[in-house]
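A closer look at the structure
Chain residues, written in single-letter form:
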Amino acid sequence: MPIQVLMPALSPTMTEGKLAKWLKNEGDAVSAGDALCEIETDKATMEVEAVDEGTLGKILVAEGVEGVAVNTPIAVILAEGEDASALQGMAAAPAPAQQAAPEADTVAPVTVPASAPTAPATPPEEETTSANTVTQTVREALRDAMAEEMHRDESVFLMGEEVGQYQGAYKISQGLLDEFGARRVVDTPITEHGFAGLGVGAAFGGLRPIVEFMTFNFAMQAIDHIINSASKTLYMSGGQMGCPIVFRGPNGAAARVAAQHSQCYASWYAHCPGLKVVSPYSAADAKGLLKSAIRDPNPVIFLENEILYGSSFEVPDDPDFTVPIGRAKIERAGGDVTITAFSLMVEAALQAAESLAAEGIEAEVVNLRSLRPFDTDTVVQSVQKTNRMVSVEEGWPAAGIGSELAAQMMEHAFDHLDAPVARVTGTDVPMPYAANLEQLTIPRPDNIVAAAKAVCYR
Amino acid sequence: MATPARRKPKAAAAKAAPRRKKAAAKAKPKPQVSRDELLGFYREMLLIRRFEEKAGQLYGMGLIGGFCHLYIGQEAVVVGMQAAAREQDTMVTSYRDHGHMLVSGMDPKGVMAELTGRRGGYSKGKGGSMHMFSREAGFFGGHGIVAAQVPIGTGLAFAHKYRQDGGICVTYLGDGAINQGQVSEAFNMASLWQLPAIYVIENNKYGMGTSVERASATTDLHRRGDAFDIPGMQVDGMDVLAVKAAAEVATAHCRAGKGPYVLEMKTYRYRGHSMSDPAKYRTKEEVSKVRQESDPIDYARDLIFENKMADEASLKETDREVKALVTEAAEFAQQSPEPEPEELYTDVLVEA
């Protein structure tokens, strides 16, 4: 029986990749451990090794094909004694850039649709200064934002682990070393506490550092400098010591990386005066907010999401496009229930809104974007219209963003609420590794649908 | 900022400065210092001491609250170091910071008024003893978290190099701070990137109540940069001229683009760790022995007399001037009003 070689997932979040090069030809003998081909992902190029012995019977996906979904058959290995006739009737090579998202039981349980959801009925953004847009991934948008700001201001520099020669652990800083050189794209040792403090000192010294944490999980090593040194010194100095610095990196759960690498820090940082905290959803959010963050004279925590990095959105092509910090965005208008979310959860909220619409409930989805300061006005105005609210976040429920929003609604929209504010949050446990348990931990669209129906008494 | 080809000058002769016995008991070579300079050192050290004594007094009167860490005994360190500083240099230290501010050229009135939490303080009363800054004076704090100033100072050095302004950042830390992990992290980056950073370890023998021997597996603290190829030197921190000489070696090293330098100053604090420390971890005899035999101000005074740079009367005049400055600062610090209640909400964020 011929053995299919499937497109492997080479990282916890990989959903597709490019078949860069075949290292074996059809007819070649292969044994276990032989490198069959090279696969290029958004993070790295890696070799795929054979796990079976036999002959490479047929190559199903040619060299150079991009967007090959994980688990697509890419070749067939014939066992001893089999010949090409055994291949008859086998599936032809699938089209590249498959639209089908991987099944829920594949390696990446939280998946991103290959095409980004087009935001329905999105009112034009007031910050958009140009009608023209380009399609970009969140990753490209972040890169461009940094490059544009580094061109604009000589004092802006990027530092962090693997940001330079490696081109970024998640390829966010791709090409920046070539463009700006090692003076301004600084590879650091693995020393979060140290380089966060060094960044703060550099900011005191008149520079505008962008400090990349490979993920925000590792920023716990550095949180003393973020809070005690960056956020408080302006106040403690009576206004003399501004600290213009951006701490950025992926936040929240990736996929299957378990408790120490899967955590949302939104409420931790949003708690602290002296910081600004933003968390973009779309590529336009990412670009516009990052440019604003870099220009901001204060420390800004910029919480990205690894799973969104490869998602594509429309981004205004105006080089002066920015998104002001402190402004939420109505992603979808609706009159029956307000759903607030940020980062990846906006996607879940939009999917939930689709399902709700099919049942006759029109949800208004508010993409918070900024967690400190909150755009309380936009949320209150929405609740005044819908009289119901569901808050969605990946983080834990206790003292979370949803807790804060519920309190804000008590204070500012109490008379408009027809039901208690509902919270959909990450489960109150450390993130489990097992795929099925992990799926139970992160809010899913059906959780949001259920909460929305509950507050609508449906 | 990467420096691909690794240099490696051997660590500079890290010779321990001999501990002095009674200053006057030893025939000293004529100091490499001018009359004006030595008189200036004397005056600055005296200003710190009188200022700190006054602060202790105001603390006792309840006019200064919270934590208050006095620098008495260590004056020669910061005064000698500052002798090698230039206009563009920056300085950062921990919470035992009053002396550093005075030497940076900050106004004693503004420093004392911050201690009393008044409007006229450098931080408008919102920082207190441990958190004071003056961009104008190149003084970047005043940091309350042990060793946090070390990466910060390294970042200031990074900014000097990035902007190529010729400046050096001098970071002061104590013997207690040296065991914090972030010190090693900062040393590594400073050496890796050849930053113009001088780390001055003020080894006053006790990190709060724990002696160096009880806290550090190795007590030659000037060698703590060895693992990172940072040259180090141990210096008699009670001798302002020895400190100045070491500062010149270290600053020349930094200004030549050779990267960081570690100076361990053997010094002593006469008072407790903070005002609330009864200092029962050491004997009275130990303290009085240092005071009698190694006091940095007495030493400078003796030098002045031996070299006939000034007579008793003119030093008395200096004493009077310093006392008047401190009295004025203390009066200002009591008369300056408390911050307006509205000040509570200012300076949280810079308005964009």
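In short, a report on the structure.

Analysis parameters
- Residues numbered from 1 in each chain as written.
- Chains lettered and ligands numbered in written order.
- Predicted model: local features only at pLDDT ≥ 70, side-chain atom pairs only at ≥ 80, totals over all residues.
- Heavy atoms only, no water.
- Helix = DSSP H or I, 4+ residues; strand = E, 2+ residues; numbered from the N terminus.
- Rg over C-alpha atoms; globule rule 2.2 N^0.38 Å.
- Buried < 20%, exposed > 50% of the residue type's maximum accessible area, 1.4 Å probe, protein only.
- Contact = heavy atoms within 4.5 Å.
- Patch = residues over 30% accessible without salt bridge, like charges linked within 9 Å, V, L, I, M, F, W, Y side chains within 5 Å.
- Areas by Shrake-Rupley, 256 points an atom, 1.4 Å probe, with all protein chains shown as cover.
- Salt bridge = Lys/Arg side-chain N within 4 Å of Asp/Glu carboxyl O.
- Pairing = 2+ DSSP bridges.
- Right-handed = clockwise from strand over helix to strand, strands pointing away.
- Axes fitted to C-alpha atoms, helices over the stretch in contact; angles between N-to-C directions.
- Buried area = accessible area lost by both parts, 1.4 Å probe.
- Polar contact = N/O pair within 3.5 Å; in protein donor to acceptor, adjacent residues only side chain to side chain.

Let's shift gears to the overall build of chain A. Along its length, chain A carries 12 helices and 22 strands. Relative to the compact-globule value of 23 Å for 458 residues, chain A shows a C-alpha radius of gyration of 24 Å, a close match. Expressed along its principal axes, the backbone C-alpha trace of chain A runs to roughly 80 × 60 × 45 Å. Across the 458 residues that make up chain A, the buried fraction comes to 58%. Within chain A, counting contacts between residues at least 6 apart in sequence, those at least 24 apart form 77% of the total.

Taken together, Met220(A), Trp268(A) and Trp396(A) make up a surface patch of nonpolar side chains, about 270 Å² in accessible area. Among the secondary structure elements, Trp268(A) is positioned in helix α6 (residues 266-270).

For the α-helix, the turn length of 3.6 residues means that residues three or four positions removed from each other point alike. All of the buried residues along helix α9 (residues 376-386) of chain A are Thr376(A), Thr378(A), Val379(A), Val380(A), Ser382(A), Val383(A) and Thr386(A). Here the buried face of α9(A) lies against β17 (329-332), β18 (337-341), β19 (363-367), β21 (389-392) and α10 (401-412) of chain A.

Attention now goes to the pairing of β21(A). All names here are of chain A. Burial of β21 is two-sided: the residues Met-389 and Ser-391 facing one way and the residues Val-390 and Val-392 facing the other way are all buried. Relative to β21, β18 runs parallel, the two sharing three bridges. Within the sheet, the bridge partner assigned to Thr-340 lies in β21 and is Ser-391. Pairing of β21 with strand β22 (residues 422-424) involves three bridges; the strand directions are parallel. For Val-390, the partnering residue across the bridge sits in β22 and is Ala-422. Each parallel crossover has a hand, and the one from β21 via α10 to β22 is right-handed.

For the rest of this paragraph, the subject is unusual backbone geometry. The omega torsion across Arg372(A) and Pro373(A) is 0°, close enough to zero to call that bond cis. Examined against the element boundaries, Pro373(A) turns out to sit in the loop between β20 (370-372) and α9. That bond from Gly141(B) to Gly142(B) is cis: its omega, 25°, falls within 30 degrees of zero. The backbone phi angle of Ser343(A) is positive, close to 60°, even though this residue is not glycine. Tracing the backbone shows Ser343(A) in the loop between β18 and α8 (344-358).

Residue and element names in this part refer to chain A. With respect to the helices and strands, the residue Ala-254 is situated in the loop between β13 (246-250) and α6. Its relative accessible area of 7% is what places Ala-254 among the buried residues. Each C-alpha atom of the pair Ala-254 and Thr-215 lies 9.8 Å from the other, and the pair is 39 residues apart in sequence. Apart from residues lying up to four places away in sequence, Ala-254 is in contact with Thr-13, Ser-262, Glu-306 and Ile-307.

Next up on the list: the sheet that holds strand β3 (residues 169-174) of chain B. Residues and elements named next belong to chain B. Strands sit in the order β2-β1-β3-β4-β8-β7 across an open sheet of six strands; the sheet is parallel. The outermost strands of the open sheet, each flanked by one partner alone, are β2 (139-142) and β7 (232-236). Taking each pair of neighbouring strands and ignoring which way they run, the sheet shows an average axis angle of 15°. In terms of strand pairing, β7 meets strand β8 (residues 261-266) through five bridges, oriented parallel. Residue pairing for β8: Gly-232 is matched across the bridge by Val-262.

What follows is about the side chain of Ser391(A). Residue and element names in this part refer to chain A. Considering the arrangement of structural elements, one finds Ser-391 in strand β21. On the basis of relative accessibility, which here comes to 2%, the residue Ser-391 falls in the buried class. Ignoring anything within four residues of it in the chain, the contact list for Ser-391 reads Thr-340, Gly-402, Leu-405, Ala-422, Arg-423 and Val-424.

Across the contact, 47 residues belong to chain A and 40 residues belong to chain B. Where chain A abuts chain B, roughly 3,500 Å² becomes buried across the two surfaces, and 65% of that area is made up of carbon and sulfur atoms. Interface area lost by chain A to chain B is led by Leu198(A), Tyr235(A) and Met236(A), which between them contribute 20%. Counting the contacts that link chain A with chain B gives zero salt bridges. Where chain A packs against chain B, one counts 19 residue pairs in polar contact (both at pLDDT 80 or more).

Residue and element names in this part refer to chain A. Checked against the element boundaries, Lys-287 lands in helix α7 (residues 283-295). A relative accessible area of 5% means that Lys-287 is categorised as buried. A distance of 2.8 Å separates the side chain of Lys-287 from the side chain of Glu-148, its partner in a polar contact. Beyond its immediate sequence surroundings of up to four residues, Lys-287 is in contact with Gln-136, Ala-141, Asp-144, Ala-145, Glu-148 and Val-315.

Residue and element names in this part refer to chain A. Scanning the entire structure with this criterion turns up 43 salt bridges over all chains. A salt bridge links Glu-331 to Lys-329; the nearest nitrogen and oxygen atoms lie 3.8 Å apart. Take Glu-331 and Lys-329: they sit in the same class, and that class is buried. The residue Arg-444 makes a salt bridge to Asp-446 at a minimum N-O spacing of 3.3 Å. Since its relative accessible area comes to 26%, Arg-444 is described here as partly exposed. A single salt-bridge network, built from bridges that share partners, covers Glu-148, Glu-149, Arg-152, Lys-287, Lys-291 and Arg-295.

Strand pairing within a sheet occurs via backbone hydrogen bonds; the two strands may be parallel or antiparallel. All names here are of chain A. In space, the four strands of this open sheet follow the order β5-β4-β2-β7, with antiparallel pairing throughout. Two strands bound the open sheet, and with one partner strand each, they are β5 (45-49) and β7 (68-69). Taken together, the four bridges between strand β2 (residues 16-22) and strand β4 (residues 35-40) define a ladder with antiparallel strand orientation. Within β4, the residue paired with Lys-18 across the bridge is Glu-40.

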